[in-house]
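# Report on the structure
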Amino acid sequence: GTTRGRVNDVAFDPSENCVMYIATAGGGVWKRTKEADSTWKWTPLSDNWKNLKTSSVVVDPSHLKRVFVGTGDFDGGASADGYGVQRSTDGGQNWTLVASKELDGLSTRRILIDPDMPDVITVAAGRNPSESTPGKLLRSDNGGDKWQEIDRSIVPGVKPADWQDLKCGKKDSNGKRWCYAVGASIGGEVLRTHDHGQHWEKIYPPLNSRYQQSLTVAMSQKDPETVY
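Below is a summary of the structure that appears in this document. Since we're looking at a predicted model, the values are computed, not measured.

## Quick word on the sheet that holds strand β6 (residues 67-71)
Pairing is antiparallel in the open sheet, where four strands are placed in the order β5-β6-β7-β8. At either end of the open sheet lies a strand with only one pairing partner, and these are β5 (54-59) and β8 (96-98). Taking each pair of neighbouring strands and ignoring which way they run, the sheet shows an average axis angle of 25 degrees. In this structure, β6 lies alongside strand β7 (residues 85-88), joined through four bridges in antiparallel fashion. Note that in β7 the partner of Val 69 across the bridge is Gln 86.

## What to know about the state of the cysteines
Here the structure, examined in full by the defined rule, presents one disulfide. For Cys 168, the disulfide goes to Cys 179, at an S-S distance of 2.0 Å. Judged by the sign of its S-S torsion, about 100 degrees, the cystine formed by Cys 168 and Cys 179 is right-handed. Note that Cys 168 is positioned in strand β13 (residues 162-168) and Cys 179 in strand β14 (residues 179-186), a separation of eleven residues in sequence. On the basis of relative accessibility, which here comes to 14%, the residue Cys 168 falls in the buried class. The exposure class assigned to Cys 179 is buried, which follows from its relative accessible area of 7%.

Reading guide: rules and limits
Residues numbered from 1 in each chain as written. Predicted model: local features only at pLDDT ≥ 70, side-chain atom pairs only at ≥ 80, totals over all residues. Heavy atoms only, no water. Pairing = 2+ DSSP bridges. Helix = DSSP H or I, 4+ residues; strand = E, 2+ residues; numbered from the N terminus. Axes fitted to C-alpha atoms, helices over the stretch in contact; angles between N-to-C directions. Disulfide = S-S within 2.5 Å. Buried < 20%, exposed > 50% of the residue type's maximum accessible area, 1.4 Å probe, protein only.

That is the geometry; function is a separate question.
Listed below in structure tokens is the structure:
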């Protein structure tokens, strides 16, 4: 189908309100900047990539020129168009492909930069047409150079899922910050961690027992105990 016009994600440069990035379903990644005459300029950043299907984009708030883009069109359904994560350290002028082996065929729907340890990167991916290839949660502790899959077998109760969202909440009075991952499965998967993704546990909100196709998660930025 015609998918080029759908925008899957938006990210802003927190230091410059005129700079933003969009990740599109079939048109790649674009960057908006402000010209000297105060007009807006949109620049395509991905015309030489393997394909132009993208699902996520994030700017590192501690290194503003570092941008991560997840390939593949997760919301478009199962496809084999995802091929890893593109990383830029110069605001999108040049890109390096990372996690290509680990994420081959999977669409990366969300990329989380740890708010306390910015070199800890977690990605949520899924929607491969092969039923033998479930979604993955990947974690890097060196800014994306090397990756490890978060092992579901050591998290009691977790089922295979198409992982689709990652968010962190506010620190509590003891300095603990909970981060969450959610994924599509029968009954839905909801995980949380308080040690920057080194260990996870499954929690059980009152979701319907049927297949949960579109889950997202958000935390109150005032109350660290409130999760939506």
